[in-house]
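Each chain, written out:
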Amino acid sequence: MLDSVTVRVSGKVNLALNVGPLREDGYHSLATVFQAVSIYDDLTVTAAAPGSGIRLTVTGEGVGAVPTDSSNLAVRAVEAMVQHGGISDAVLSLNKGIPVAGGMAGGSADAAGALLAIDTLCELNLGRENLSEIGAELGSDVPFCLYGGTALGTDRGNVITPALVRGDYYWVLALAEEGLSTPEVFRRVDYIRDLADVLVEDPKVPDALMSALLAGDAQLVGKALSNDLQRAATHLRPSLDQLLRSGQDAGALGSIVSGSGPTCAFLARDNIHALDIAVALTSTGLCRTVKRATGPAFGATVIDARSIA
Ligand code: ATP
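This one's a predicted model, so the numbers in the text were calculated from it and none came from an experiment.

Peer 1: Is there a simple way to think about empty space enclosed by the protein in this case?
Peer 2: Using a probe with the size of a water molecule, rolled over the atoms, empty space left in the structure can be pinpointed. Applying the stated criterion to the full structure yields one cavity of 30 Å³ or more. Approximately 40 Å³ is the volume found for the largest cavity. Around the largest cavity, the lining residues are Ser 10, Gly 11, Lys 12, Ala 36, Phe 144, Cys 145, Gly 148, Phe 298 and Gly 299. Mapped onto the lining of the largest cavity, the elements with two or more residues apiece are β1 (4–22) and α4 (142–147). Residue classes in the lining of the largest cavity are distributed as four nonpolar, four polar and one charged.

Right, here's the structure in full:
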C-alpha cells in the first residue's frame, strides 16, 4: 500500500476558443483547442490518520489568492473520489507554478492532479476516461488537464479529442499583477453580444488552425490563434490590448489572451526568439512577470510514489 503520491500537472493555453450561445444550464457551448504548456503545479497527497479529514497547504506562485478550505478544487477532487473508493483523510501539499486566476486552468489542473493522486494512492485503476467523467463535474477544464498534449474540447470544453499536431511550440507568457474572474469574463461576452444584438452561432474550431498544427507550421499557427473571450478580457483590463500589441511589435508569430485571461501568450519561432520577446515584454512594465514555456506538455503525471513503512 502506498502512503504518498506526488503528481505534476501542466497549465494550458487555448489556441482557439470559440464561444457559442449561453445554454439553459448556464454554460456556454465551446469549441476550443487546448495546448498544455510547461508551467507546472506539483501536488503531494499523503494518507492521514482516520478522522483527521483533508488538510491542504499551498506554497509558490500566487499563494495568497489560493483557498485552503473545501473550496479549493484539489480538496473537492479528493472529496469526490471518496465514493469511488478514495480516502477522506489526507494531507495535501500543493506547490503552485501556474498563475492563479490567470486563464491557464490552474485550479482545474490541481483537481486533475488530485484525482490521479488518489487513484494511484488507493490503487483504484479507474483510468483517465473515468477520472475525466468525475473531473468534468468539478470543472470543464479538468478532463483536458488529465490528458494534456494538444486537444479539441467541445460541449462545455469537457469533451476531449486529442489533436494531430507536429512540432514543438515556444511560448512567452506575460503574467498579470491581478487575476480575472472567469465567470465575469463570460458575463462580459454576453453583455457585449447583447449590446451589438449579434446572432451567436454554434461554435466551431477554425480549419486553418487545425491544418497549421497538422503541418507543424508555427508561423501559420500564430496567424490562426483566436479567442472569443479576448475582447471581453481587454474590456475588463484595457492594458492587455497594449501588451498584446507590444508582443506583435517584438515579432511574435501570434499574440493572444490565454483563456479568460489576464495571462497573455505570445508564440515564438524558437527559444532565442522567445527570449527576445520576453525581454521586450518585460521592458514595457505592463506585466508582473514573464515566463517562457514549451508545448505540448504532458497531462497529469505521477512523478513520485512511496510507502513510508
Ligand atoms: P480557468 O482558466 O480554468 O478558467 P483560471 O486559471 O483563470 O481558471 P484558477 O487559477 O483556476 O483560474 O483560479 C480561479 C479561482 O479559483 C481562484 O481565484 C481561486 O479562488 C480558486 N481556486 C480554487 N482552487 C484553486 C487552486 N487549486 N489553485 C488556484 N486557485 C484555486
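Peer 1: Just checking my understanding: could you explain helix α2 (residues 106–121) for this structure?
Peer 2: Note that an α-helix has 3.6 residues per turn; residues three or four places apart therefore point the same way. Here α2 is 16 residues long and its end C-alpha atoms lie 22 Å apart, about the 22 Å a rise of 1.5 Å per residue gives. Just beyond α2, the residue with positive phi is Glu 123, at close to 50 degrees.

Peer 1: Just checking my understanding: could you explain the pairing of strand β9 (residues 254–257) for this structure?
Peer 2: For a regular strand, the rule is simple: side chains alternate between the two faces of the sheet. The alternating pattern of β9 places Gly 254 and Ile 256 on one face and Ser 255 and Val 257 on the opposite face, and all of these are buried. Taken together, the four bridges between β9 and strand β10 (residues 264–268) define a ladder with antiparallel strand orientation. Paired with Ser 255 across the two strands is Phe 266, which belongs to β10. Taking the residues that link successive antiparallel strands as the turn, the β9-β10 hairpin has six residues, and the phi of Gly 259 there is positive, at about 55 degrees.

Peer 1: It is not clear to me how the pairing of strand β4 (residues 90–96) should be interpreted in this structure. Could you clarify?
Peer 2: Covered by surrounding structure in β4 are Ala 90, Leu 92, Leu 94 and Lys 96 only, the residues Val 91, Ser 93 and Asn 95 on the alternate face being uncovered. Taken together, the six bridges between strand β2 (residues 28–47) and β4 define a ladder with antiparallel strand orientation. Bridge pairing in β4 places Asp 42 opposite Asn 95.

Rules and cut-offs
Residues numbered from 1 in each chain as written. Predicted model: local features only at pLDDT ≥ 70, side-chain atom pairs only at ≥ 80, totals over all residues. Heavy atoms only, no water. 1 Å grid on protein atoms, 1.4 Å probe; cavity = no way out; pocket = protein on both sides within 12 Å on 5 of 7 lines; lining within 4 Å. Points joined across faces, edges and corners; volume = space filled by probe spheres on them. Helix = DSSP H or I, 4+ residues; strand = E, 2+ residues; numbered from the N terminus. Nonpolar A, V, L, I, M, F, W, Y, C, P; charged D, E, K, R; others polar. Expected span 1.5 Å × (residues − 1). Buried < 20%, exposed > 50% of the residue type's maximum accessible area, 1.4 Å probe, protein only. Pairing = 2+ DSSP bridges.

Keep in mind these numbers describe shape, not what the thing actually does.
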